[in-house]
Amino acid sequence: ELIYLLHYLTPNVLQKVMNDFNMILFYRNEFLNMFDIIKSLRNSCAHGSLIYCYKSPKYIKLNANLVTKFDLNPSETGTPNSVLSLFDTLKIINYLESTKPLKKYINSIIYHNNKHFKSPDFDLNKRLLLKMGNPNLKDWKKFIFRNSEYHF
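Residues numbered from 1 in each chain as written. Predicted model: local features only at pLDDT ≥ 70, side-chain atom pairs only at ≥ 80, totals over all residues. Heavy atoms only, no water.

Student: Tell me about the layout of surface pockets, and name the residues and values.
Tutor: Considering only enclosed or pocket space, the largest pocket measures out at about 280 Å³ in volume. Around the largest pocket, the lining comprises 14 residues; the ones closest to its centre are I51, L86, L90, L102 and I106. Mapped by element, the contributors of at least two residues to the lining of the largest pocket are α3 (28-46), α5 (86-96) and α6 (102-117). A total of five residues in the lining of the largest pocket trace back to one element, the largest contributor, which is α6. Counted as a void, the second largest pocket has a volume near 190 Å³. Forming the walls of the second largest pocket are E1, L2, I3, Y4, L6, F35, I38, K39, R42 and N43. Of all the elements in the fold, those that place two or more residues in the lining of the second largest pocket are α1 (2-7) and α3. Ranked by residue count, the leading element in the lining of the second largest pocket is α3, at five residues. Considering only residue class, the lining of the second largest pocket consists of six nonpolar, one polar and three charged. (1 Å grid on protein atoms, 1.4 Å probe; cavity = no way out; pocket = protein on both sides within 12 Å on 5 of 7 lines; lining within 4 Å. Points joined across faces, edges and corners; volume = space filled by probe spheres on them. Helix = DSSP H or I, 4+ residues; strand = E, 2+ residues; numbered from the N terminus. Nonpolar A, V, L, I, M, F, W, Y, C, P; charged D, E, K, R; others polar.)

Right under this line is the structure:
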């Protein structure tokens, strides 16, 4: 229920919270939208959903500045955009907390799949990464396995 608390904090208290994330009150809507998205990922994990298939719910409307700032690719277009993949959600998380530790796990999966399931006609890794939002491992290395390069 912390997300509800954040939405109803007075501006002076919210500014103190946002300072911990190197953000100013001007970006209040972006900040709250980031936490709405993270909450939906948390709920998917907590309720046994397959994390590699994660898609944010349509009811979370994405802030246009957030889409631009993080170079997000929502799968549902409209005004406003909605539905993010795991890849795009991890870009947002990486702004708040490093996602570097995921590199070890994803590399292990990639290595295992290459060892056991690689064939010219079937690339399990590409299919898996595509399901998670981006089939290009180089993009994962650029956006997820490094410190965030985004700034508010």
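Student: Go over the pattern of salt bridges with me, naming the residues and quoting the values.
Tutor: One pass over the structure, following the stated rule, counts one salt bridge. Between K91 and D88 there is a salt bridge, with the nearest N and O atoms lying 3.5 Å from each other. Taken together, the residues K91 and D88, both in helix α5 and three residues apart, mark about one turn of the helix. (Salt bridge = Lys/Arg side-chain N within 4 Å of Asp/Glu carboxyl O.)

Student: Summarise unusual backbone geometry; cite the residues concerned and give the values.
Tutor: One non-glycine residue, N22, lies in positive phi territory at about 55°. Here N22 shows up in the loop between α2 (11-19) and α3. Here the phi dihedral of D71 falls at roughly 50°; this positive angle occurs in a residue that is not glycine. Mapped onto the elements, D71 comes out in the loop between α4 (64-69) and α5. Overall, the relative accessible area of 44% leaves D71 in the partly exposed class. (Buried < 20%, exposed > 50% of the residue type's maximum accessible area, 1.4 Å probe, protein only.)

Student: If you had to explain the nonpolar core to someone new, which residues and values would you point to?
Tutor: Counting 37 residues, the largest nonpolar core has L6, F31, M34, I37, F70, I92 and W140 as the members making the most contacts within it. Listed by contribution, the elements that provide at least two residues to this core are α1, α2, α3, α4, α5, α6 and α8 (137-143). Here this core gets seven residues from one element, more than from any other, and that element is α5. When sequence neighbours within four positions are dropped, the list of residues in contact with W140 reads F87, L90, I106, L129, M132, N134 and F145. (Core = buried A, V, L, I, M, F, W, Y, C linked by side-chain atoms within 4.5 Å. Contact = heavy atoms within 4.5 Å.)

Student: Describe a nonpolar patch on the surface, naming the residues involved and giving the relevant values.
Tutor: There is a patch of nonpolar side chains on the surface, built from L50, I51 and Y52 and spanning about 270 Å² of accessible area. The residue Y52 is located in the loop between α3 and α4 in this model. (Patch = residues over 30% accessible without salt bridge, like charges linked within 9 Å, V, L, I, M, F, W, Y side chains within 5 Å. Areas by Shrake-Rupley, 256 points an atom, 1.4 Å probe, with all protein chains shown as cover.)

Student: Let's hear about the side chain of S40: which residues, and what values?
Tutor: Position of S40 relative to the elements: it lies in helix α3. Beyond its immediate stretch of four places on either side in the chain, S40 contacts Y54, S56, P57 and I60.

Student: Before we move on, can you summarise α2 with the specific residues and values?
Tutor: Here α2 has its buried residues at L14, Q15 and M18. Take α2 and look down its axis: the buried residues cluster within an arc of 105°, on one side only. Opposite its buried face, α2 presents the exposed residues N12 and K16, each directed more than 90 degrees away. Turning to α2, the residues buried within the fold contact α1 and α3. (Arc of directions from axis to C-beta.)

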